[in-house]
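Here is what each chain is made of, one letter per residue.
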Amino acid sequence: MPSNKRSRQAKAVVTGAGSGIGRAFALEIAARGGQVVCADIRAELAEETVRLIGRLGGAHALACDVSRLADVETLADEAERLLGAPVDLVVNNAGVGIGGKPVGEIGIEDWQWTMGVNLWGVIHGCHVFAPRLRRLGHGGIINVASAASFAAAPLMGPYNVTKAGVLALSETLAAELDDSGIAVTALCPTFVKTNIVRDGRIADGSSRFASTLMRWTGVSADGVARKTLNALDRGELYVLPQLDARLVWRSKRLAPVTYQRGAALIGRLMKRA
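Residues numbered from 1 in each chain as written. Predicted model: local features only at pLDDT ≥ 70, side-chain atom pairs only at ≥ 80, totals over all residues. Heavy atoms only, no water.

A. Representation of helix α6 (residues 157-176) within the structure. When the terminal C-alpha atoms of α6 are compared, their 29 Å separation across 20 residues agrees well with the 28 Å that a helix rising 1.5 Å per residue should span. Every buried residue of α6 is listed here: Gly 157, Pro 158, Tyr 159, Asn 160, Thr 162, Lys 163, Val 166, Leu 167, Ser 170, Leu 173 and Ala 174. (Helix = DSSP H or I, 4+ residues; strand = E, 2+ residues; numbered from the N terminus. Expected span 1.5 Å × (residues − 1). Buried < 20%, exposed > 50% of the residue type's maximum accessible area, 1.4 Å probe, protein only.)

Dropping the structure here:
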């Protein structure tokens, strides 16, 4: 299958499809003639996305807790049954937000919750779907990471660690699938206008700070989804959809000591917020 057809007429699974970036991916894939299984831990939100897709294309809703391997295995089997064909596009998007406390003060339960969804959820998605895609011989995997995967901002320890793991997993998988006909794309945005701050476990001061930045600098989830699917079609590994993400990416590599000092200053400002 030509690389520029991966996002067209796809048989897709999108996790965390009940809102935000996941919903935007589901809608855009349907607009490109695809059929989508919309998975979310809250089935009613996935069903709402299906209703929004409406006549754009075939869509189905399934409840799935991506932190549980058995749920993701069931999702893969049910998706193939519902679509009547093998899945050829997987968007591992489900994620949660956390922040506002330094390492050592963040509870271990919060670490485990974040790791379960943000990292293990993507590991489970790649573990279950990558072998199926290899057998199919074409398709794509999109893993939603974050600029936090390389920015390493203070007071975001669990989030940074999980997203760095997603980026490393994506890079590893891309190398392993290089000659397979399957493309891997890692999405690394900064602020996207979603509910992640409101629905996450973020301390009050940091939550207000993040919400303000999101209002000032956040971009639409729809635009991010379109850019990412276009990048997948071109076989691109990295998607940094905003200027600030690209500036952080470059400045950390060109001037790491200066970057670290700037990150520390931001951390002090966040503590005062």
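B. Local environment of the environment of Ala 153. Relative to the assigned elements, Ala 153 resides in the loop between α5 (148-151) and α6. A relative accessible area of 25% means that Ala 153 is categorised as partly exposed. When the C-alpha positions of Ala 153 and Ala 263 are compared, they lie 5.9 Å apart, and in sequence the two are 110 residues distant.

C. Up close: the sheet that holds strand β6 (residues 139-144). Read across the sheet, seven strands follow the order β3-β2-β1-β4-β6-β7-β9 without closing on themselves; strand pairing throughout is parallel. One side of each edge strand has no neighbouring strand; the edge strands of this open sheet are β3 (59-63) and β9 (238-239). Contacts from helix α2 (residues 43-53) reach β2 (35-40) and β3, with the element oriented near 175 degrees to β3. Running at roughly 175 degrees to β6, helix α4 (residues 108-136) makes contact with β1 (11-15), β4 (89-92), β6 and β7 (182-187) of the sheet. (Pairing = 2+ DSSP bridges. Contact = heavy atoms within 4.5 Å. Axes fitted to C-alpha atoms, helices over the stretch in contact; angles between N-to-C directions.)

D. Structural context of the nonpolar core. Residues Val 13, Val 37, Leu 75, Val 87, Phe 129, Phe 150 and Leu 173 are the most contacted members of the largest nonpolar core, which totals 39 residues. For this core, the secondary-structure elements that each account for two or more residues are β2, α3 (69-83), α4, α6, β7 and α10 (243-254). In terms of residue count, the dominant contributor to this core is α4 (eight residues). Apart from residues lying up to four places away in sequence, Val 37 is in contact with Ala 12, Val 13, Val 14, His 60, Leu 62, Leu 75, Ala 79 and Leu 83. Core analysis: the next-biggest nonpolar cluster, separate from the first, contains 29 residues, Ala 10, Ala 17, Ala 221 and Ala 225 among them. (Core = buried A, V, L, I, M, F, W, Y, C linked by side-chain atoms within 4.5 Å.)

E. Representation of the packing of α3 against α4 within the structure. Two numbers describe how α3 lies on α4: the axes approach to 9 Å, and their chain directions differ by 35 degrees. Read as a crossing pair, α3 and α4 show a hand that is right-handed. For the pair α3 and α4, contact is made by Leu 69, Val 72, Glu 73, Ala 76, Asp 77 and Glu 80 and by His 124, Gly 125, His 127, Val 128, Phe 129 and Arg 132, respectively. Taken together, the residues that form the contact of α3 with α4 break down as five nonpolar, three polar and four charged. (Left-handed = near helix turned anticlockwise from the far one by under 90°. Nonpolar A, V, L, I, M, F, W, Y, C, P; charged D, E, K, R; others polar.)

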